[in-house]
Amino acid sequence: MNQQIIEGIQIRWDKISLHSYLRDIPVIRKLRHLEFHSPVTFFVGENGSGKSTLLEALAIAAGFNPEGGTKNYNFSTYDSHSELCQAMRVVRGIRQPAWGYFLRAESFYNVATKEEEYAKLAPVMSEELHKKSHGESFLAIAQKHFRANGLYLLDEPEAALSPQRQLTLLMEIDRCAKEASQFFIVTHSPILLGIPGAEILSFDGDRIHLCEYEETDSYQVTEIFINHREQLLKKLLE
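Per chain, the residues get numbers from 1 upward, laid out in the order the sequence is written. Two thresholds apply to this predicted model, a pLDDT of at least 70 for residue-level local features and 80 or more for giving and counting side-chain atom pairs, whereas whole-chain, interface and lining totals are computed over all residues. As a rule here, side-chain values cover all heavy atoms of the structure and leave hydrogens and water aside.

Draft legend 1. How the structure looks around the pairing of strand 8 (residues 199-202). What you see with strand 8 is no split at all: E199 and L201 on one side and I200 and S202 on the other are buried throughout. Where strand 8 and strand 9 (residues 209-210) come together, 2 bridges link them in antiparallel fashion. Bridge pairing in strand 9 places S202 opposite H209. In this structure, the hairpin formed by strand 8 and strand 9 is closed by a connection of 6 residues, where G205 is found at a positive phi of approximately 100°. The rule is simple: take the accessible area with a 1.4 Å probe, protein chains only, and divide by the maximum for that residue type; under 20% is buried, over 50% is exposed, in between is partly exposed. Numbered from the N terminus, helices here are DSSP runs of H or I no shorter than four residues, and strands are runs of E no shorter than two. For two strands to be treated as a pair, DSSP must find at least two bridges joining them.

Draft legend 2. Local environment of unusual backbone geometry. With a phi close to 55°, N149 is a non-glycine residue in the positive phi region. Take N149: it is sitting in the loop between helix 5 (134-145) and strand 6 (150-155). The backbone of A180 shows a phi angle near 75°, a positive value even though the residue is not glycine. Looking at the element boundaries, A180 is found in the loop between helix 6 (163-177) and strand 7 (182-186). A180 sits in the partly exposed class, given a relative accessible area of 32%.

Draft legend 3. Representation of empty space enclosed by the protein within the structure. We place a 1 Å grid over just the protein atoms. Points where a 1.4 Å probe fits but has no way out form a cavity, open points with protein on both sides within 12 Å along at least 5 of 7 lines form a pocket, and any residue with an atom within 4 Å of a point lines it. Grid points are joined across faces, edges and corners, and a volume is the space filled by probe spheres set on the points. Evaluated as defined, the whole model comprises 1 cavity of 30 Å³ or more. Estimated volume of the largest cavity: approximately 40 Å³. Surrounding the largest cavity, L103, F138, I141, A142, F146, L154, P157 and L169 form its lining. When residues in the lining of the largest cavity are grouped by element, the largest group, 3 residues, is from helix 5. When the residues that make up the lining of the largest cavity are grouped by side-chain class, the tally is 8 nonpolar, no polar and no charged. Only Asp, Glu, Lys and Arg are considered charged, only Ala, Val, Leu, Ile, Met, Phe, Trp, Tyr, Cys and Pro nonpolar, and every remaining residue, Gly among them, polar.

Draft legend 4. Representation of the pattern of salt bridges within the structure. The rule for a salt bridge is simple: a side-chain nitrogen of Lys or Arg has to be within 4 Å of a carboxyl oxygen of Asp or Glu. Evaluation of the coordinates by the stated rule reveals 6 salt bridges. Between R12 and D14 there is a salt bridge, with its nearest N and O atoms 2.6 Å apart. K30 is paired through a salt bridge with D206; the nearest N and O atoms lie 3.3 Å apart. Here D206 lies in the loop between strand 8 and strand 9 and K30 lies in the loop between helix 1 (26-29) and strand 2 (33-35), a separation of 176 residues in the sequence. With relative accessibility at 44%, the residue D206 sits in the partly exposed group. By sharing partners, the salt bridges in this structure join E172, R175 and E179 into a single network.

This is the structure:
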């Protein structure tokens, strides 16, 4: 029996414009429904394959601000999200999340700025994310906001993290997943993808499909580079 906070999604294509760019993304245009069975679900695939588009729509449909933050964040710096969220129905489980966070690497600066503004209006201390390095601020978000029974959507969280810090994030995600939280993560990190028991959904090809860790490009390219670096570079650079 599926026990996740979000068990799946359904797409109503009659609510999407016939001229929408969404119809030009191969795996998105064929998507009608999708089920989730693991506390940690990864979206993997080449750039432009639709991973972040789907994650963003899922986050908005689940009640988060398009640029990120908790569900208490309500602002817009640049309205860039697609109409997919309006056509998406979220299939929810019986559990309600106690907390949640939507992290987007590309708009994190805007969220950090808004966090400082919100702190001035409430009797709480600012996290002062702008005073931290990019990587430190990402980890600060994880360590403050990742809690039991939470819903978390992360778009390329490894973008600012060293390999060591990616391992720290991996441990934070695994800890919360074991405490009944649910994660949806877009990533190219072969480190994060190694979380045991995670469901990996590949966006490469013409349909979203399950794949094994060793089948991901992130693993295969990294493995080839590490084990055959000289031969690979010689072939690429000559």
